[in-house]
Amino acid sequence: MMKHLLSTVCLSGALLLAACEATPPEDTPEDAFSCREFLADQNLPEPTGMYDVTQGSPEAQALLAKYTSFRLTTDLSALSEAECRMIPRLIAAAHEMDAVFWQQAYGDRDALLASIDDPALKRFAEINYGPWDRLDGNAPFVEGVGPKPPGANFYPKNMTKEEFEAAAEANPDLKSLYTVVVRDEDEQLRPVPYHEAYEPHMKAASEQLRAAAALAEEPGLKHYLELRSEALLNSDYQPSDFAWMDMKDNTLDVVIGPIETYEDQLFGYKASAEAYVLVKDREWSERLARYIQLLPMLQEGLPVPPAYKQETPGSESDLNAYDVIYYAGDCNAGSKTIAINLPNDEEVQLQKGTRRLQLKNAMRAKFDKILVPIADVLIAEDQRDHITFDAFFGNTMFHEVAHGLGIKNTLDGAGTVRQALREHASALEEGKADILGLYMVSKLKEAGELDVDLMDNYATFLAGIFRSVRFGASSAHGRANMIRFNFFKEMGAFERDADTGTYRVNFDKMTDAMNALSEKILRFQGDGDYEGVAAFVAKYAQVGPELQADLDRLAEAGIPVDIVFEQGLSVLGSE
Ligand code: ZN
């Protein structure tokens, strides 16, 4: 590793080259740039407060036990010196998204934390970015806070849906992804762009990205960082989304800004701030690249009439594996994302496709610490051998590919599927990606493109449903998995053995259920059928008493629901 770093330094300039030739590398290790040491020497505030949670009440400690901790690290030797020096800048920028997301999700972070005495409960509030338990349907856990407003802190608390709809007729900016809605002096609803509403944080993050851009060697990354830096100051994200899709040869990456709309459960209009700092795994990425070639064939094979698959997935789409070294904001709240598909901007998607990011280290954490223990309790003993990391990785990977399939605009030409399905759009889109991902694995296997035992994918998929149902009804992923569980149950895709309380995949019926659910969701989306989806969600997005009892057994067995990350420069610097 030391030798590799030295050769990087030597290649970086003629002056250094002379010095390197003069002394053999092994004699001068102290002159070599060590990324680890460099990061350990940086003085940045740590991401979370330090609380002695063992002093917390038993109730608060039980809440905290829903999460198990995992250290976010990566192979730093894959980075050049310049890339290493960018890391503190990118993490500092990400850190600002934490502050913005607190305001969007709740309001005044410091006042809330100061009002909580119990150190374990304080830590739990940090993990949830507010006083509502994201893994328990946003149940309040701080006395006196009341239920979480469906529109989080994006809208005035006393606003009705009808009032908003009426006002938005006259002022479409109220519906913008990048505005927060306030009441002005005469009680009228007014949109405030994010770069004004969260000005100090957006400015600070923008400066850090500009500083990182100045260090960047790879032109695509430099260009993207410059444009993203501007976007944070003017809330116009599209140019930087295009630049992000054009960037192909970077090793470092950062996803940053207002991105997903899950937090706005009132309308699904408002994007929440978040950030991921990422290091690309080039070897894995090359293996994934070949599946992109197969996208058009997969789109053609979807089990719906031609009108529902008339859009062509972008040919420039790509699929890469990464280690995440920092999570902030929305993606760090409650359940943690293990794969991303971006950008969300439909215009960019239609022109450039999307980029799917598989977050390898985070995925491994969830498989080892959560999925395998769940299978040991809930999957029939003789099917447990089918729970494999390769199947988990495959199912997750194709979930992301599947986001790019299907249709973005409704068949009647009235607009996007997301606009038509409003607050149900996210859950249905996640449900689509899950089921079409599995559908694609089976199609690729059929076509001889994928060498897998489908039973591994099915059994791991079923165990995955239990894992994700535990995210609760407040999560789009949680709702999507409740729907799938009940739909599959109805179709006999699995059976529950009453004696052992375990579930067994019924291979043939699972295939039928998969095809039926794929078609149902694709039709809902193409038809923009808001009423139909609302009824479907109301019927299926439920946890019945039997399932609840089984989920309770997982909690009793001490199986965590999700991960919290130990992350930041001190973690990277101490490996
Ligand atoms: Zn997804």
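You'll find the structure just up there.
Analysis parameters
- Residues numbered from 1 in each chain as written.
- Predicted model: local features only at pLDDT ≥ 70, side-chain atom pairs only at ≥ 80, totals over all residues.
- Heavy atoms only, no water.
- Donors = N, O, S within 2.8 Å, 3.2 Å for Na, K, Ca; no water.
- Helix = DSSP H or I, 4+ residues; strand = E, 2+ residues; numbered from the N terminus.
- Buried < 20%, exposed > 50% of the residue type's maximum accessible area, 1.4 Å probe, protein only.
- Pairing = 2+ DSSP bridges.
- Axes fitted to C-alpha atoms, helices over the stretch in contact; angles between N-to-C directions.
- Contact = heavy atoms within 4.5 Å.
- Disulfide = S-S within 2.5 Å.
- Expected span 1.5 Å × (residues − 1).
- Arc of directions from axis to C-beta.
- Salt bridge = Lys/Arg side-chain N within 4 Å of Asp/Glu carboxyl O.
- Polar contact = N/O pair within 3.5 Å; in protein donor to acceptor, adjacent residues only side chain to side chain.

### A short note on the coordination of the zinc ion
Okay, so step 1: Around the zinc ion, the protein contributes the donor atoms His-399 (NE2), His-403 (NE2) and Glu-430 (OE), at 2.1 to 2.2 Å from the metal centre.
Okay, so step 2: Within one chain, the residues donating to the zinc ion are spaced in sequence as H-x3-H-x26-E. Separated by 4 residues within a single helix, His-399 and His-403 lie in helix H17 (residues 389-403), roughly one turn from each other. Neither residue differs from the other here; His-399 and His-403 are each classed as buried.

### What about the sheet that holds strand E6 (residues 252-260)?
Okay, so step 1: Strand order across the open sheet formed by 5 strands is E6-E7-E8-E10-E9, with mixed pairing between neighbours. The open sheet has two free edges, formed respectively by E6 and strand E9 (339-342), since each of these has just one partner strand. Adjacent strand axes in the sheet meet at a mean angle of 35 degrees, parallel and antiparallel pairs treated alike.
Okay, so step 2: Direction of pairing for strand E8 (residues 318-329) relative to strand E10 (residues 355-359): parallel, over a ladder of 5 bridges. If you follow Asp-318 over to E10, its bridge partner there is Arg-355.
Okay, so step 3: Sheet contacts for helix H5 (residues 81-105): E6, strand E7 (272-281) and E8; angle to E7, the most-contacted strand, approximately 155 degrees.

### Here we look at the state of the cysteines
Covalent bonding between the sulfur atoms of two cysteines is what defines a disulfide.
Okay, so step 1: A full pass over the atoms with the stated rule returns 1 disulfide.
Okay, so step 2: Cys-35 shares a disulfide with Cys-84; S-S distance 2.1 Å. Judged by the sign of its S-S torsion, about 95 degrees, the bond between Cys-35 and Cys-84 is right-handed. Remark: Cys-84 occurs in helix H5 and Cys-35 occurs in helix H3 (residues 35-41); sequence separation between them is 49 residues. The same class applies to Cys-35 as to Cys-84, namely buried.

### What about helix H24 (residues 545-556)?
Okay, so step 1: Between its terminal C-alpha atoms H24 stretches 16 Å, which fits the 16 Å expected from 12 residues at 1.5 Å a residue.
Okay, so step 2: Those residues of H24 that sit buried are Leu-547, Asp-550, Leu-551 and Leu-554. On an axial view of H24, the arc spanned by its buried residues comes to 100 degrees, and they lie on one face. Counted as exposed and oriented over 90 degrees from the buried face of H24: Pro-545 and Glu-556.
Okay, so step 3: Where H24 is buried, its residues meet helix H16 (360-378), helix H20 (454-469), helix H21 (476-490), strand E11 (494-497) and strand E12 (502-505).
Okay, so step 4: Immediately beyond the C-terminal end of H24, within one or two residues, lies Gly-558, with a positive phi of roughly 75 degrees.

### A short note on the pattern of salt bridges
Okay, so step 1: Evaluated as defined, the whole model comprises 29 salt bridges.
Okay, so step 2: One salt bridge connects Lys-432 with Glu-429, and the closest N-O pair in it is separated by 3.2 Å. Taken together, the residues span about one helical turn, with Lys-432 and Glu-429 both in helix H19 (residues 425-446) at a distance of 3 residues. Glu-429 carries the same exposure label as Lys-432, and that label is buried.
Okay, so step 3: Notably, a salt bridge pairs Asp-550 with Arg-496, separated by 2.9 Å at the nearest N-O pair.

### Let's talk about the side chain of His-403
Okay, so step 1: Take His-403: its relative accessible area is 9%, and that puts it in the buried class.
Okay, so step 2: A distance of 3.2 Å separates a polar atom in the side chain of His-403 from a polar atom in the side chain of His-399.
Okay, so step 3: Among residues more than four places away in sequence, those in contact with His-403 are Asn-341, Lys-408, Glu-429, Glu-430, Lys-432 and Ala-433.

### Structural notes on the pairing of strand E13 (residues 562-566)
Okay, so step 1: Burial runs high along E13: 4 of the 5 residues are buried.
Okay, so step 2: With 5 bridges connecting them, strand E1 (residues 67-71) and E13 associate as parallel partners. Paired with Thr-68 across the strands is Ile-563, a residue of E13.

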